[in-house]
Amino acid sequence: MGHTTKHVLKIPIGLKLVTVIAVLLLTSTLIVVLMATHLFTQDNTAFIQSANSDSANQIGQQVFDYVEFLSGEVLSFTEAQTKDEARFFERRDDVDAIAIWSSDTKLKNLASRKGFLLSEDETAILLKSSPKSWKGEISIQKISKGQKPYVALAIPMTLDANKKVGEVCVALVNETRFSKIFGKLGVVSSYLVDDTGNVIAHPDRSVSQSSANWRENEIVKSMLESTMNNGQLRFTDENKQSYLGAFRQVGIGGVGVISQVLEERAFESANRVRYRSLLITGIILFIALSVAYFFSVTITKPIRSLVDFTAMIAMGNFVIEAQKKIKTHDEVGDLARAFDAMALGLAEREKAMNVLSKTQGKDVANQLMNQDLANMGGTKKTVTVLFSDLRDFTKFSEGNTPEDVVEMLNEYFEVMVQTITRNKGTVNKFIGDAIMAMWGAPNSSGNDAVNATQTALEMRIELNKLNEKRIARGLSAIKIGIGVHCGAAIAGTIGATSRMEYTVIGDTVNLASRIESSTKSFGVDVLLSHEMFEQVKSAYVLELGGTAEVKGKSEPLRMYKLKGYVDKKGQQIFVETPYSVYNAQAGDKVKIAI
């Protein structure tokens, strides 16, 4: 069953570096731009509102002066004994008609431009809609005569015996003169409204000539309700457009001037500054990122090379020479030099590991490499120990040259070591022609007794194969004895500080050696102890060989012959060779009891 590989998103260092620089630069620049734009907007707002206020004051003063002067001229005309109407209307082209209304009589006098007619009813309606004029105040109202808009100027004239206004002079003024006053000035636009919200004059003639009433407009409403004669306001009209505005009560006729600027026009310069600042920021950011990217390559490229070198080391290639491939004069160059030193150290470690693996076994080598030499010691473990020894080796050595002896041993050991290793055992040492192997130290496979028994059985088979080859070459056959025992032992590194060895010691090891010696007395190639019999009897075919008294033990040992194994179907399979049984010999360390 395949393993599912978890893909982890990798973010290159170059991208991280560029991102950090981009974030820092962009953040700092945006903060500066936004703060500068905010301050510029505040200053611009203050400037626009000041301009609005100045415009409202200036135009309001013009309206006041115009109304006051016109009122004086109209009153002078009405009070004159001889009235030259033609000359007056010729001189005052902004006035179309004048009427005088008495509180106790009807229309007292009427003067108008030639061809212009103002009826008594129209004048009456006008005066009734201007109650302020009967209270002693000049009143300014917007009216329409036909399709043409007019401004009605109602001027109180005389007081009666009760100090009440006795007469009111009404001048019908066309809105042309007012519109001239309210021409558009730059981005600021101003207009005039009466005390009911009617637009009297506006830069847009279509508005001033209409019957527009802007009482619900925020700034108009604020002006009409304000107790102050001036004020400033940010407001939104019915079209959802935002304005900065200021108002000024003229102080005559109940009218007021409003000056306003469309906010997007007011902040147009601020928006241009923001746009240009962001554009410059983008250009600077692009340049900075480009520089950062090319700079990051000088870092990431050698780092990628080091990653490749690491992969080469993982595959066992320790000849890297990173210094020749990474020539930067910075910390990365230092890292390359350190990398070469590390590779050299790993090569030495690998070499030491190979030597240890060949001399001590892979598991023992790993144990030694990972162990602190200053704290080496022994640990009590349950182990299985196998001893094997060549029969008549002394006689063979005397009858053959040293080269033949070494060749024979090497060939024999090669086969037997492979068999031990294949069954998860560790060759602990070679004692002349003898082999000591162990299971359970330094690590247990969990089935050490079975593995050791299987090793003994396979050594019997492999020896038969080896002998067939030797006989085919005209050489003599080899016989061996194998003893296997399990039990407690001390496993650890022992020896002097200058020469140490990992091994197992104790009675279990001694008994395994005695059992191997007993094979001579029993005339068989493999013997297992009773402890081994109890652990493997269900998997192998065993036969009690007898008991024997061994040196160092007060009680006889029960030993079992290994005859074969039990297959998966439960059938006994016997494995015997011509070298499994031979003539028994007496031994000085073993005495057969039964």
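For the structure itself, look to the data block above.
Below is a short write-up of the structure.

### Overview of the overall build of the protein chain
Argument step 1. Summing up its helical and strand segments, the protein chain has 16 helices and 20 strands in all.
Argument step 2. Buried positions account for 43% of the 594 residues belonging to the protein chain.
Argument step 3. The long-range fraction of contacts in the protein chain, counting pairs at least 24 apart against all pairs at least 6 apart in sequence, stands at 60%.
Argument step 4. As displayed, the protein chain offers around 33,100 Å² of accessible surface, 55% of which is attributable to carbon and sulfur atoms.

### Remarks on the sheet that holds strand β7 (residues 199-201)
Argument step 1. Strand order across the open sheet formed by five strands is β7-β6-β10-β9-β8, with antiparallel pairing between neighbours. For this open sheet the edge positions go to β7 and β8 (230-236), each flanked by a neighbour on one side alone. Here the strands of the sheet are splayed against their neighbours by 35 degrees on average, with no regard to which way each runs.

### Digging into helix α14 (residues 448-472)
Argument step 1. Here α14 spans 36 Å end to end across 25 residues, near enough to the 36 Å set by a 1.5 Å rise per residue.
Argument step 2. A positive backbone phi angle near 85 degrees is found at Gly 474, which sits one or two residues after α14.

### Remarks on the packing of helix α13 (residues 402-422) against α14
Argument step 1. As a packed pair, α13 and α14 sit with axes 10 Å apart at the nearest point and diverge in direction by 150 degrees. If you check the angle between α13 and α14, you find them roughly antiparallel. The crossing of α13 and α14 is right-handed. Residues Met 408, Glu 411, Tyr 412, Val 415, Met 416, Thr 419, Ile 420 and Arg 422 of α13 form the contact with α14, whose participating residues are Thr 455, Glu 458, Met 459, Glu 462, Leu 463, Leu 466 and Arg 470.
Argument step 2. Each residue belonging to the contact of α13 with α14 can be placed in one class, and the counts come to eight nonpolar, two polar and five charged.

### Details of the pairing of strand β12 (residues 426-431)
Argument step 1. By the bridge criterion, five bridges tie β12 to strand β13 (residues 434-439) in an arrangement that is antiparallel. Across the sheet, residue Ile 431 finds its bridge partner in β13, namely Ala 434.
Argument step 2. Linkage of β12 to β13, two consecutive antiparallel strands, is achieved through a turn of two residues, within which Gly 432 is found at a positive phi near 65 degrees.

Cut-offs applied
Residues numbered from 1 in each chain as written. Predicted model: local features only at pLDDT ≥ 70, side-chain atom pairs only at ≥ 80, totals over all residues. Heavy atoms only, no water. Helix = DSSP H or I, 4+ residues; strand = E, 2+ residues; numbered from the N terminus. Buried < 20%, exposed > 50% of the residue type's maximum accessible area, 1.4 Å probe, protein only. Contact = heavy atoms within 4.5 Å. Areas by Shrake-Rupley, 256 points an atom, 1.4 Å probe, with all protein chains shown as cover. Pairing = 2+ DSSP bridges. Axes fitted to C-alpha atoms, helices over the stretch in contact; angles between N-to-C directions. Expected span 1.5 Å × (residues − 1). Parallel < 35°, antiparallel > 145°, perpendicular 65-115°, else oblique. Left-handed = near helix turned anticlockwise from the far one by under 90°. Nonpolar A, V, L, I, M, F, W, Y, C, P; charged D, E, K, R; others polar.

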